[in-house]
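Here are the chains, one letter per residue:
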Amino acid sequence: MSSSSFFKARQFGNESVLKRSFLADSTMDSISLHQPASSGHLSSELTKTDKYCVSRLPALPPVLSHDRMEDSSSLLNGYADGKTEFALVVSEKSIDVWPYNSSDDVPISFEFPLGESSQDALQLAILTRSSPGTSLDPGLVIINSISGHVRFYESVQHAPALGMINSKSIETTINILAGLGEYITLAENVEPAGIVVATSWKRVVLVLLRDHKGAPKLSSLELTRPSTSSRLFSGWLGLSDDELTDDIVSIKSGVISALGTTQEIIVQDAAGTFKKYLYQASSTGTPIINHKKTLLHRLATFLESNIDGLIPGAVLNVKFLDLWPAFSSGSQFDKRDLYIALVCIQSSLRGSQEERLILLTMKINESGVMIIASHLLPEVHTTNNLSLVSKPKLFIPKPGKSAFVVIGNAVVLCDLASETAKSGDFAYYKPKWEDTIKFKPSVQVIGCGYEDKVKDDENSALLFITSDFGVVRIERFTPSDEDCESQNEDPTNPVSLLKSHIQQAVYFDGSSFVDFNVGPDFSDEVVIEAVNSVVSEIMSNSSPYLPAFLSSTRDTFALRLKLLRSLLEFVKSNFVRSWIAVYPSIVDTLEKIECALNLWNLIDMDDREANQLKKNLKAIISNKHSSSINSKSDVLRSYFSHNVSDILDILTRLIEDSLSHSQSIKTSLKILLITLHDAVYCNELAYIVPNDQIPARKLWVFDSSLIVRAEELISLAYCSSDDNLVQTSSGREEFVKFIATLYYLISSAIVFMKSTDDDQLQEYTTWFENRRKVWITSLLEYGLLREALVIAETYKDFSSISQVLEKERELSSPEYILDKIAIYMAEYGYEFACKLFEFDIELDKIQRLLSEYAQYEEFLTRFFEEFPYQTAAFSWIHYIKAKSFEEASNVLISMNANKNFDQQHNREFSFSMAKLAAIAAETEDSKMVDSYALEELVIEAENNLVGIRIQNKLFNHISLFVHNKTPMVTKQYFLDNFANTKIPRSQIESEILPFFNSFIEERQLTKGDLTILLSIVNPISQLNNVFADALTVAALISNDSEFRKAAGKVWSKLLTKTDDWSVVTATGDNTDEVNKIKIKETILYHTLKEVKFNKDIIGVLESVVNGSIPDDSSDETDRYWAEQVHNLGQRIDLKKWISIIQAET
């Protein structure tokens, strides 16, 4: 194959690139392609913290671009070389090399086609340092892993010419036994010595690139012969690619001394075999490997002895994955025998497999091996397991202060324990800082590389070659010792670490490269603290990711809102357990900032309204923040550009000023619309309402009187007689928005108050119920029926739905309304029915309630049972229609206990119906009813009817004398015409004062009051039975003590204040017939004739006659009447005369 056919330079992009490609094809000296480090400023940051930065370099060669990657799987491997700032990619058909630090979007790319004979073998490619005195572009070594063929190009630009001139000297072949299964597994650049390759048989060969004069000339030195076990078993052992084998995993250059003529070469295999070779060059002769100074240690035995017992009961399998010499801050080692290894520990505990990675710091020299320090790396949750082909790799770029561990699509960055290493004592150390960067699963990593820190303004970095993204650099910022000491936060604190991840996810949201999602390893307390800290910084505009000041305050708000929305999405998708705890606080902050933004937009104009509002706002803010804001500065921008956490106080003051007429109502309504509706209500609908897992919370707008003041203003503007604001469609739309907002905010507050048993709940609920009636009424008056119904349905305000339906009755057919009611009944059931029934009762639509809703008998019955006192006046009709006579009787009796149902004609009707209903119940189904209970109902009804009829009889008799002109029946009229004149008038007045007005208003008197009234009536003419009526009423008193006391007073008044006993007892001059007539004319006779069969009443009479005068501690009235009876008994033989009169009855 000729050199001209082997090499071609690709030509892409703009004209300047085409010219460079053309020059690359020539054999002339070309311009340098080396890009200075300063070109890195053209890179685009993918994420950044104060510890590291991930950036995408602009140079994207065609081989990695999306347009040219029809088959991305053909890209086999690649790597980036930080020393030459070139990168290469090996595919099935070619090797592509380009300057990765180029500032061109499409850099110059050099393609080395691979012949057909190479298709079955994986080609390895190594970049070499540029030759002294030539251009700064690197050389290239291409190795066939099967045949062992090696080809070297001193310059990638001059490859065609070099291939033709030095075709023999730039080629060699490593003698590997491919036929027996040996192949090359690893190749590393250890210049100045050359390239070291390792085979599957653990053969290690140094390929020398130049002769002693520095001219290109390939030769080889065998460092290690093939392992016997590898030769015997590799051909038929059949190891899976998914297993960690004992292959050589690391080849590194060690100490270079003696002016570059002596060099250490360090080789490490997975089993733990450590070898350090000494390469010695010669300016006149052939270079050699001084095997006498070869150092050999088996590290696994030392490691197992140190970690034995670390996991009790576990079976351990240790595999070394990589090894690096420990660097100092300069180009030399702190200690030439200090090394850091990446080790995989596979443990089997109780049948479960676990793999963990550790970093080991070891001291290795001729005297032995000492484990200095150990650090267990954090688990990285990837889809791959550590044993897959893409094994974890360790990179420790100079100055060697930080390690980069590549694990699949993730990188663990870890500060190394330099202090522990210096101490020489073993310790499990915790690094000063450690973090993990993950790439998205869609990112295809082709190869890696690293960059040493060479200049003060540079950083050590890890390089990734990725398809479609090109080269991605991860820089670790190396802090000074002073910076570490001055840190406000401990970077290893889980809160600080999580906060950093959250900040990156929020500020670099939308990255298609970096995966910002975090695992479930953080506790709820850590999550809450970290999220709250991020939110606080966004609120105060103090985050290091935010610009300190923007020329546009509006842009500042927009950026903060964008960040908060990204944060909401992030916490919900990452914190399954604890997102509910932090989500509402983020929404609150979002609402506050949007309130401030909308208010700023309102004043950021040049008109009269805006200028007046600015003036008011400036006065309020200056007064509130007099100590923190300089009055000579731009007060408004100073406030709105920073912490607006107290925006609620500002808004409240603005609205209060409006109510005091210092600001126009229209302006205040506009403020309420853009804040309460646009900022609060709309964000609640967007973020809180869809997430019903979030518990009830107190909204921040209730930390002041804003909502109450806002409602006052809205009602003043829209619910008064002035309807100017709703003459336009926009005005009506705004009114609907206000009502929807008030409904949501106040309903949310009530739900929260219920959850906390707030003592003001009842008062607040009543206020809301009263106010929403006013709102809905206004909506209906403005013809906004549909909007009112939507709001009422949204919040299940069934009272308001009933109100809307009532309005619709005026506009629609009865059938339409009944159909809508049926829909609501089916969807909401009794909850809706209850409010509908209440509404109809409030409107006194009883006929509708009992007739139109007959099909909802179950709901009606339940409603009547829950509200017996409110519905008793008509619920009995429902029960009678349903033939529930006993229920009807109970309702009719119980409704008389209602103080509002005390008119005598109503009571007489209800008790009469109750009695009839009870009798009907007995006859309806005698086998199923409780006859005793029904008899009790009949008795109760009858007893009440007795009292009612006696009271009515007395009233009717008195009214008859004034021709039923009841207003003429006054207390004075009663005293003058019907009171017993034998009883002191003052005593009568004091006794009837509490209840006489009820009597003349024909309202119910208690049995005790009615007894008193009857017993002070003058028993003449048609009223000669009043005492019998009084005793009959007293007998209806259920309490025996009260009955005896009331009946006793009646008997006392009857005996002492009615009949003239001097006339009755004067019998000497009379015939028997005359004496009988006088007896039968007595009130006592008329009374005993009516009550003689009532043993209880007669028993009280005997007690009165036989009773003694109570002592001084007794009631004065009782003493008075007892004395009256006693005195009468002293004048006549009272017992005898009572017996005589009883005999006559």
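Please refer to the structure higher up on the page.
Quick caveat, the model's predicted, so the values are computed rather than measured.

The rules behind these values
- Numbering of residues starts from 1 in every chain and runs along the sequence as written.
- Confidence filtering applies because this is a predicted model: local features only for residues at pLDDT of at least 70, side-chain atom pairs given and counted only at 80 or more, and all residues used for totals across whole chains, interfaces and linings.
- The basis for every side-chain value is the complete set of heavy atoms in the structure, and neither hydrogens nor water enter the calculation.
- We count a stretch as a helix when DSSP gives it H or I for four or more residues in a row; a strand needs E for two or more, and each element gets its number in order from the N terminus.
- For this analysis, residues touch if any pair of their heavy atoms sits within 4.5 Å.
- Areas reported as accessible are Shrake-Rupley estimates using a 1.4 Å probe. Residue values count occlusion only from the protein chains shown.
- Pairing of aromatic side chains requires ring centres within 6.5 Å, counting the rings of Phe and Tyr and the six-membered ring of Trp. Pairs whose planes differ by under 30 degrees are stacked, by over 60 edge-to-face, and all others tilted.
- When a residue's accessible area, from a 1.4 Å probe over protein chains only, is under 20% of the maximum for its type it is buried; when over 50% it is exposed; and in between it is partly exposed.
- Here, a salt bridge means any Lys or Arg side-chain nitrogen found within 4 Å of an Asp or Glu carboxyl oxygen.
- The pairing criterion is simple: DSSP has to find at least two bridges between the two strands.

## What to know about the overall build of the protein chain
Link 1 in the chain: Across its full length, the protein chain carries 40 helices and 33 strands.
Link 2 in the chain: When contacts within the protein chain are restricted to residue pairs at least 6 apart in sequence, long-range pairs at least 24 apart make up 60% of them.
Link 3 in the chain: Of the roughly 53500 Å² of accessible surface on the protein chain, a fraction of 50% belongs to carbon and sulfur atoms.

## Topic: the packing of aromatic side chains
Geometrically, a pair of aromatic rings is defined through the distance of the ring centres and the angle of the planes.
Link 1 in the chain: Applying the stated rule across the entire model yields 44 aromatic pairs.
Link 2 in the chain: A centroid spacing of 5.9 Å and a plane angle of 75° characterise the contact between Phe735 and Tyr782, whose relative ring orientation is edge-to-face. Pair noted here: Phe735 is in helix H17 (residues 729–755) and Tyr782 is in the loop between helix H18 (761–781) and helix H19 (785–794), with a separation of 47 residues, a long-range link.
Link 3 in the chain: Given the relative accessible area of 0%, Phe735 is considered buried.
Link 4 in the chain: Seen in terms of ring centroids, Phe974 and Phe978 are 6.4 Å apart; in terms of plane orientation they differ by 20°. Their pairing is stacked.
Link 5 in the chain: What makes Phe974 buried here is its relative accessible area of 1%.
Link 6 in the chain: Put simply, the rings of Phe837, Tyr853, Phe863, Phe864, Phe867, Phe874 and Tyr879 touch in pairs and so form one group of aromatic residues.

## Quick word on the side chain of Thr47
Link 1 in the chain: Along the chain, Thr47 turns up in strand S2 (residues 44–48).
Link 2 in the chain: Overall, the relative accessible area of 0% leaves Thr47 in the buried class.
Link 3 in the chain: For Thr47, the contacting residues outside a window of four places in its chain are Tyr52, Cys53, Val54, Gln504, Phe508, Val514 and Phe516.

## Brief notes about the side chain of Asn598
Link 1 in the chain: When you line up the elements, Asn598 lands in helix H11 (residues 579–603).
Link 2 in the chain: Residues within four places of Asn598 in sequence aside, it is in contact with Ile674, Asp678 and Ala679.

## Concerning the pattern of salt bridges
Link 1 in the chain: Under the definition given, this model contains 48 salt bridges.
Link 2 in the chain: Close ionic contact of Asp269 with Lys202 constitutes a salt bridge, the shortest N to O distance being 2.9 Å. Of the two residues, Asp269 is situated in strand S17 (residues 262–269) and Lys202 in the loop between strand S13 (195–199) and strand S14 (204–210); the sequence distance between them amounts to 67 residues. Each member of the pair, Asp269 as well as Lys202, carries the same accessibility label: buried.
Link 3 in the chain: Glu264 is the partner of Lys276 in a salt bridge, and the nearest nitrogen-oxygen pair spans 3.7 Å.

## Notes on the pairing of strand S8 (residues 123–128)
Link 1 in the chain: Among the six residues that make up S8, six are buried, leaving the element largely enclosed by the rest of the structure.
Link 2 in the chain: Covered by surrounding structure in S8 are Gln123, Ala125 and Leu127 together with Leu124, Ile126 and Thr128, the residues of both alternating faces.
Link 3 in the chain: Strand direction decides the pairing type here: S8 and strand S9 (residues 139–144), joined by six bridges, are antiparallel. Considered in S9, the bridge of Ile126 is made with Val141.

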